[in-house]
Amino acid sequence: MVPTVEWKDGAVRILDQSRLPDKVEFVDCRDYETVGIAIKELWVRGAPAIGIAAAMGVALGAQAVKAVEFDAFRKAVWAIADYLAATRPTAVNLFWAIDRMKRRLEALQAEPIPAIKQKLIVEAQAVLDEDIAMNKAMGRHGSTVIGDGQTILTHCNAGALATGGYGTALGVVRAAWDAGKKIRVVADETRPVLQGARLTAWELMQDGIPVTLITDNMAGTLMSQGRIQVCIVGADRITANGDVANKIGTYSVAVLAHAHGIPFYVAAPSSTIDLSMPSGDKIPIEQRDPREVTHVRGRESIAPDGCEVFNPAFDVTPARLITGIITEKGIFKPSELAEKMRLR
Ligand code: MRU
């Protein structure tokens, strides 16, 4: 799999996902402002990948800070952190990664500035490496919920592209595939940004994992025909009570799965779990540009000029519709998630 985000030759190299699947192109971000634009414009997207990009953005910005005293250095790095934190509101991994970088900075305050700069790069790299390790652990736990011969429905892209590598929901699929299970993925196209059509279908085809693309409104029909055995999606933020914010349309899939008695799983690392937030109604939901709805890929218009648009990028699936949450620590019922995550 091509790397989604990496530290390369003193820059943050980002695979520009807005161009997929037509072009595989990388952008070398040489300042933190460009990393911020990359997050906002969805060149890099998916909760864990956004967190990794932000951690690297903090490290990158820190390299250019001229201050020689720690207090002035910290002030400048915090301003960079604030800028990056203002890019997207819903995925908690962004704030988790930025907080981690700030804590690391604090812990290093007795060291010379050049050493701190270097160690911030090391920390950002650790965020990336640990993300891949968590995805692989999720794969090991989660592959048990997929039976041989089953078809899995997924929504949006919770794959290698949305993470440091391997993927969350698609990491579980990959692990089942690698274990020799003959499986198939049904990918919702995921209007309006088409992460399912452009990214999930592409990513699975790269790995030779069978995938069938459907439009979002076809999921119910497939379920009613007995052609879906399990649903697995990713998450942008999971609250203490087990509610899950994920790409708009996830809630509809969960309702449909519930109506058809199909298990509905969410795969997410602990960096996506926000135990400070009691329930999903508190999650800030990003509203995006109306053009995502009125135009296909920013080009062809499909609506009358001036048409009023509603474009929330995420919805919240209540805990009661979720069979289990697959984490790197194991699979938990939404109601036991907070306790299990605090204990382990
Ligand atoms: O707007 P996006 O593409 O960043 O939204 C991504 C999703 O909603 C994913 O499903 C989610 O981040 C899980 S990714 C492992």
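Preceding this paragraph is the structure being described.
The rules behind these values
Residues numbered from 1 in each chain as written. Predicted model: local features only at pLDDT ≥ 70, side-chain atom pairs only at ≥ 80, totals over all residues. Heavy atoms only, no water. Near = heavy atom within 4 Å. Polar contact = N/O pair within 3.5 Å; in protein donor to acceptor, adjacent residues only side chain to side chain. Areas by Shrake-Rupley, 256 points an atom, 1.4 Å probe, with all protein chains shown as cover. Helix = DSSP H or I, 4+ residues; strand = E, 2+ residues; numbered from the N terminus. Nonpolar A, V, L, I, M, F, W, Y, C, P; charged D, E, K, R; others polar. Domains from an automatic or database assignment. Pairing = 2+ DSSP bridges. Right-handed = clockwise from strand over helix to strand, strands pointing away. Buried < 20%, exposed > 50% of the residue type's maximum accessible area, 1.4 Å probe, protein only. Salt bridge = Lys/Arg side-chain N within 4 Å of Asp/Glu carboxyl O.

*Asks:* Account for the site of the ligand, with residues named and values stated.
*Replies:* Surveying the vicinity of the ligand reveals 18 residues, the closest of which are Arg45, Arg88, Asp236, Asn246 and Lys247. In this structure, an oxygen atom belonging to the ligand sits 2.8 Å away from a side-chain N or O atom of Asn246. Expressed as a share of its isolated accessible area of 410 Å², the protein-covered part of the ligand is 99%. For the shell around the ligand, the secondary structure elements donating two or more residues are α2 (47–63) and β9 (244–247). Taken together, the residues of the shell around the ligand sort by class into seven nonpolar, seven polar and four charged. Residues from two domains meet in the shell around the ligand; each of domain 1 (5–136) and domain 2 (139–343) gives at least three.

*Asks:* Give a detailed account of the pairing of strand β6 (residues 211–214), specifying residues and quantitative values.
*Replies:* One ladder, built from four bridges, connects strand β5 (residues 184–188) with β6; its direction is parallel. Bridge pairing links Ala187 to Leu213 in β6. Of the crossover connections in this fold, the one passing from β5 over helix α7 (residues 195–207) to the parallel β6 is right-handed.

*Asks:* So what's going on with the pairing of strand β2 (residues 11–15)? Residues and values would help.
*Replies:* Most of β2 sits out of view: four of its five residues are buried. Pairing geometry for strand β1 (residues 5–8) and β2, over four bridges, is antiparallel. Paired with Lys8 across the bridge in β2 is Ala11. With antiparallel pairing between neighbouring strands as the criterion, β1 and β2 make up a hairpin whose turn holds two residues, including Asp9 at a positive phi of roughly 50°.

*Asks:* Now, about the pattern of salt bridges: what can you tell me, with residues and values included?
*Replies:* Using the criterion set out here, one finds 18 salt bridges in the structure. The closest approach of N and O atoms between Glu123 and Arg104, which form a salt bridge, is 3.5 Å. Taken as a pair, Glu123 in helix α5 (residues 113–142) and Arg104 in helix α4 (residues 92–107) lie far apart in primary sequence, 19 residues in all. With its nearest N and O atoms 2.9 Å apart, the salt bridge here joins Arg174 to Glu203. Of this pair, Arg174 sits in helix α6 (residues 169–178) while Glu203 sits in helix α7, and the two are 29 residues apart along the sequence. Owing to a relative accessible area of 6%, Arg174 belongs among the buried residues under this scheme. Look at Glu203 and you get buried, because its relative accessible area is 0%. Beyond isolated ion pairs, a larger network of salt bridges with shared partners links Arg88, Glu286, Arg288 and Glu292.

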